[in-house]
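Now for the letters of each chain:
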Amino acid sequence: MSFDHLRATYFEESAELLDSAYAALAELAEGRADAETVHALFRAIHSIKGGGGAFGFERLVRLAHAMETLLDLLRDGALAMDAGRHALLLRGADALADLLAAEKAGTGAPPGGEDALMQALHAAAETAATAPPAAAAGWRLRFTPRPALFRNANEPLLLVRALRRLGPVQVTADLSRLPPLERLEPEDAHLGWVFELQADVPRAQVEEVFEFVADDCMLAIEPLAGETPGAPAAEPVLGSEAASATIAPPAIADAAGPTTGAPQSVRVDVAKIDRLVNLVGELVINQAMLLQLGGTLPPALCPGLIAGLETLSQHLRELQEGVMAIRTQPVKSVFARMPRLVRDLSAQLGKEVRLVVTGEATEIDKTVVEQLADPLTHLLRNALDHGIEAPEQRVAAGKPRQGTVHLSAEQRGGRILIELTDDGRGIDRARVLARARERGLVAAEAELTDSEVDELIFQPGFSTAAAISDISGRGVGMDVVRRSIQALGGRITVDSRLGSGSRFVLSLPLTLAVLDGLVVAVGREAYIVPIAAIAESLRPRREDIHAVVGRGEVLAIRGAYVPLLPLHRHFAVPDAQPDPARGIVVIVETDHAGRMGLLVDDLVGQQQVVVKSLEANYGPIDGIGGATILGDGRVALILDIAGLGPAATTRPMPTAPHRAAPLQPALQ
Amino acid sequence: MAKRVMTVDDSRTMREMVAFTLRKAGFEVSEAEDGRKALAALQAAPVDVVITDLNMPNMDGVALIRALRADARMRAVPILMLTTESEAAKKAEGRSAGATGWLVKPFDPEKLIDVVKRVAG
């Protein structure tokens with residue numbers, strides 16, 4: 001394992017540890033914390049520090065250490081968690097994240113950035129010194145080894161040295177058990193000692209020194225008398241059972257780190273999983289070929305072949321699902337960052353907001369999880385900045401002072417739905433429409449349905465300039481959010497009621513590696529249309545097809561006009577059916593350009609296809625999302641519907657003539 | 001003189017993580033991939049601390065600990081077991097075979113250094 005490899009593992013692990021630290025901090029802030037929470041937080045910071053030390057990240061270690069000191073006091077109950085200390089720890093976690101990022105990038109963070117924070121942390125920890133002390137001013141240890149102590153190469157002298165590292169130690173030997181010389185067993189332990197340690201350290205730290213000898217000795221630890229009023233009374237001499245019970249668990253818990261209580265897991269390089277995914281993909285293609293071949297043979301010639309092939313495909317599908325599941329991760333890792341954001345933003349905006357999170361355990365492809373953070377953050381910022389009203393306004397509107405934002409995730413069919421609902425003011429359609437007209441996104445006379453108006457906020461160029469603020473008016477608009485969701489093969493829709501709030505729904509694929517597709521024929525070529533994008537397919541009647549000047553052809557369907565995109569023309573495929581009335585029209589829905597009809601020669605069938613990226617070799621191509629290999633060995637391109645849109649339609653869509661029905665289905 | 005530590009583990013990753021951590025802390029580290037190789041190497045050149053995995057081919061950790069304790073020159077060498085939490089029974093076996101202490105996988109580098117210093121003096 002190379003140094004770089006170790007570093008990579010460390011950074012990956014630290015990111016996870018930070019996430020769990022944020023989660024613990026969120027629990028603390030929301031009063032959901034229990035005794036384990038502070039421990040979990042401590043362990044996360046401690047592990048980050050430990051690894052950081054190994055790589056020589058000194059500033060990171062110093063900062064983590066300062067946080068640990070404070071956490072240690074909170075853990076022991078010497079200090080109580082309050083808003084100030086909580087905020088300090090949050091800032092600490094942020095600073096750790098920054099330092100980690102800087103070390104990872106190899107740039108080094110700007111010097112001294114965390115100095116003020118370090119001072120504040122130290123100051124907070126020092127207030128504990130004036131508070132009643134948690135640890136005694138010192139400890140008296142009565143240590144009586146059992147005869148077998150030496151057999152495991154444990155050496156009392158080394159224990160004394162370890163104690164010395166904690167503070168000054170006075171040692172008194174206890175010779176009472178020393179046998180007469182003729183009965184002295186030279187390899188047994190006969191002496192006992194009393195150590196007086198003058199150090200204000202937690203009991204656990206003293207116990208840790210004796211971690212390995214707990215089974216082989218009698219050990220009594222008591223605070224030095226007279227100096228610690230209110231300290232726990234001296235404990236009776238512990239037998240070996242009791243001593244091991246009190247000493248061993250913290251050690252195990254400590255080393256086990258944040259995984260305690262979590263299901264057992266192994267860390268696997270993503271590249272290895274991707275290789276598996278790819279191999280399974282090849283198998284699926286192979287199986288499709290076999291199935292096709294099997295279908296051409298007379299069943300009498302090879303009885304059982306078809307049944308065997310079917311069992312194979314069943315198992316293969318299970319194998320595929322199993323392998324895909326390895327790549328999935330709970331959305332919790334992204335959701336866990338959100339409470340933090342809400343707290344910071346609401347403080348900054350002077351709003352009172354409660355965040356309710358559900359479905360954190362929902363699992364989704366790792367890549368999707370990672371790329372969800374930015375769009376979600378943006379949506380949440382928007383909800384707080386533009387959605388939720390100031391407390392006084394809410395009260396005036398007859399709502400509770402505190403606004404509620406609900407973030408949820410659930411799996412529905414082959415997709416994951418993530419919803420962000422707020423009970424704020426909702427989208428002010430009149431203002432949105434005025435704005436869109438002003439920007440030339442909508443013709444002045446166009447009549448738009450409510451959902452069409454809501455859709456306008458996703459239009460590029462629809463800046464919320466009227467409401468620019470520090471929080472969300474940073475030049476990144478909802479169009480960027482929509483694009484990033486689309487890049488993940490997902491869709492985003494909004495549903496809003498003026499005065500009572502908005503709901504954003506993100507629908508995402510479970511995985512990016514396979515896709516349910518409709519195979520269509522165009523000339524001698526085959527293309528794949530993602531099933532998720534298809535609304536319907538039909539053979540159009542000639543009288544429903546109209547030519548529109550400058551817009552090509554449109555298809556009238558139940559009173560609405562849908563622009564037609566002949567695929568053969570778009571991709572310059574020879575020998576295709578040019579007459580729409582003799583071909584098939586597949587109606588697809590795009591997020592920003594409404595519906596359109598893809599004109600193809602024929603439908604071949606529906607199948608699950610393995611997505612092979614073309615980008616590495618060809619760069620991004622508008623309208624093409626990738627390629628796949630069909631059962632007969634042919635390569636078929638997978639259409640990227642969103643990328644086809646602009647070529648087919650000239651926006652803005654809402655100005656289309658004779659519109660009798662909405663282009664967008666109303667959202668429920 | 002730098003203290004010498006041997007890490008015995010059939011996982012190269014684990015050996016290298018231990019070695020990396022301890023070298024960084026100033027120890028001299030050698031590696032062996034199973035009990036038999038460790039025993040041969042230690043009989044040729046003893047070290048100050050042995051850190052061993054328990055589950056290994058050829059000669060497992062417990063057998064290695066027994067063999068080391070049976071060798072007069074290595075009776076007093078501190079031996080640390082590097083175990084997973086699920087190996088409680090094995091750990092007890094290792095203890096009675098003469099192991100000095102234990103560490104839990106995955107280990108915390110700081111704790112590893114701390115423990116090795118504690119048992120090595």
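Please read all numbers here as calculations on a predicted model, not as lab measurements.

Criteria and cut-off values
- Residues numbered from 1 in each chain as written.
- Chains lettered and ligands numbered in written order.
- Predicted model: local features only at pLDDT ≥ 70, side-chain atom pairs only at ≥ 80, totals over all residues.
- Heavy atoms only, no water.
- Helix = DSSP H or I, 4+ residues; strand = E, 2+ residues; numbered from the N terminus.
- Buried < 20%, exposed > 50% of the residue type's maximum accessible area, 1.4 Å probe, protein only.
- Contact = heavy atoms within 4.5 Å.
- Areas by Shrake-Rupley, 256 points an atom, 1.4 Å probe, with all protein chains shown as cover.
- Pairing = 2+ DSSP bridges.
- Axes fitted to C-alpha atoms, helices over the stretch in contact; angles between N-to-C directions.
- Core = buried A, V, L, I, M, F, W, Y, C linked by side-chain atoms within 4.5 Å.
- Salt bridge = Lys/Arg side-chain N within 4 Å of Asp/Glu carboxyl O.
- Phe/Tyr/Trp six-rings, centres within 6.5 Å; stacked < 30°, edge-to-face > 60°.
- Buried area = accessible area lost by both parts, 1.4 Å probe.
- Polar contact = N/O pair within 3.5 Å; in protein donor to acceptor, adjacent residues only side chain to side chain.

S.K.: So what's going on with the overall build of chain B? Residues and values would help.
M.R.: Broken down by element type, chain B carries 5 helices and 5 strands. Put simply, chain B runs from its N terminus to its C terminus through helices and strands in the order β-α-β-α-β-α-β-α-β-α. Here chain B holds 121 residues, and 57% of them are scored as buried. For chain B, contacts bridging at least 24 residues in sequence account for 63% of all contacts bridging at least 6. Summing over all exposed atoms, chain B offers an accessible surface of approximately 4,900 Å²; the carbon and sulfur share of this is 52%.

S.K.: Residue-level account of the sheet that holds strand β12 (residues 514-522) of chain A, with values.
M.R.: Residues and elements named next belong to chain A. Strand order across the open sheet formed by 5 strands is β20-β12-β13-β22-β21, with mixed pairing between neighbours. The sheet terminates laterally at β20 (602-610) and β21 (624-629), the two strands that pair on one side only. Ignoring strand direction, the axes of neighbouring strands in this sheet form an average angle of 35°. Pairing analysis gives 6 bridges linking β12 to strand β13 (residues 525-530), with the strands arranged antiparallel. Opposite Val 522, over in β13, you have Glu 525 as the bridge partner.

S.K.: Any details on the nonpolar core? Residues and values, ideally.
M.R.: All names here are of chain A. In this structure, Ile 418 and Ile 457 are the most contacted members of the largest nonpolar core, which totals 48 residues. The element best represented in this core is helix α13 (residues 366-387), accounting for 9 residues. If sequence neighbours within four positions are ignored, Ile 418 has contacts with Phe 335, Leu 372, Leu 376, Leu 407, Ser 408, Ala 409, Phe 504, Val 505, Leu 506 and Leu 508. Judged by nonpolar contacts, the second largest core, of 44 residues, contains Phe 42, Leu 73, Leu 100 and Ala 125.

S.K.: Lay out the pattern of salt bridges with the relevant residues and their values.
M.R.: Enumeration over the complete set of coordinates arrives at 42 salt bridges over all chains. Salt-bridge contacts for Asp 53 of chain B lead to Lys 105 of chain B; the nearest nitrogen and oxygen are separated by 3.0 Å. With a gap of 52 residues between them, Asp 53 of chain B in strand β3 (residues 49-53) and Lys 105 of chain B in the loop between β5 (101-104) and α5 (109-120) connect regions that are remote in the sequence. On the basis of relative accessible area, Asp 53 of chain B is assigned to the buried category, the value being 4%. When its relative accessible area of 18% is taken as the criterion, Lys 105 of chain B is described as buried. Across the pair Asp 71 of chain B and Arg 73 of chain B runs a salt bridge whose closest N-O atoms are separated by 3.4 Å. Judged by relative accessible area, which is 13%, Asp 71 of chain B ranks as buried. Through salt bridges that share partners, Glu 208 and Glu 211 of chain A together with Lys 111 and Arg 118 of chain B make up one connected network.

S.K.: How would you summarise the packing of aromatic side chains if you had to cite specific residues and measurements?
M.R.: On inspection of all chains with the given rule, the structure shows 10 aromatic pairs over all chains. Ring centres of Tyr 10 of chain A and Phe 11 of chain A lie 5.5 Å apart, and the angle between their planes is 55°; on these two criteria the pair is classed as tilted. For the pair Tyr 10 of chain A and Phe 11 of chain A, a shared accessibility class is recorded, and that class is buried. A centroid spacing of 4.9 Å and a plane angle of 65° characterise the contact between Phe 212 of chain A and Trp 102 of chain B, whose relative ring orientation is edge-to-face. Of the two residues, Phe 212 of chain A is situated in the loop between α7 (203-209) and β4 (217-223) and Trp 102 of chain B in strand β5; the pairing between them involves two chains. Comparing Phe 212 of chain A with Trp 102 of chain B shows no difference in burial state: the two are buried.

S.K.: With reference to specific residues and values, describe the interface of chain A and chain B.
M.R.: Taken together, the contact pairs 30 residues of chain A with 34 residues of chain B. Both faces combined, the contact of chain A with chain B buries some 2,800 Å², and carbon together with sulfur accounts for 54% of it. Taken together, the links from chain A to chain B amount to 6 salt bridges. Scanning the region where chain A abuts chain B turns up 12 residue pairs in polar contact (both at pLDDT 80 or more). For the side of chain A that touches chain B, the secondary-structure elements that each account for two or more residues are α1 (3-29), α2 (35-54), α6 (156-164), α7 and α8 (240-256) of chain A. With 5 residues, the top contributor of residues to the side of chain A that touches chain B is α2 of chain A.

Bear in mind that shape data such as this cannot, by itself, settle questions of function.
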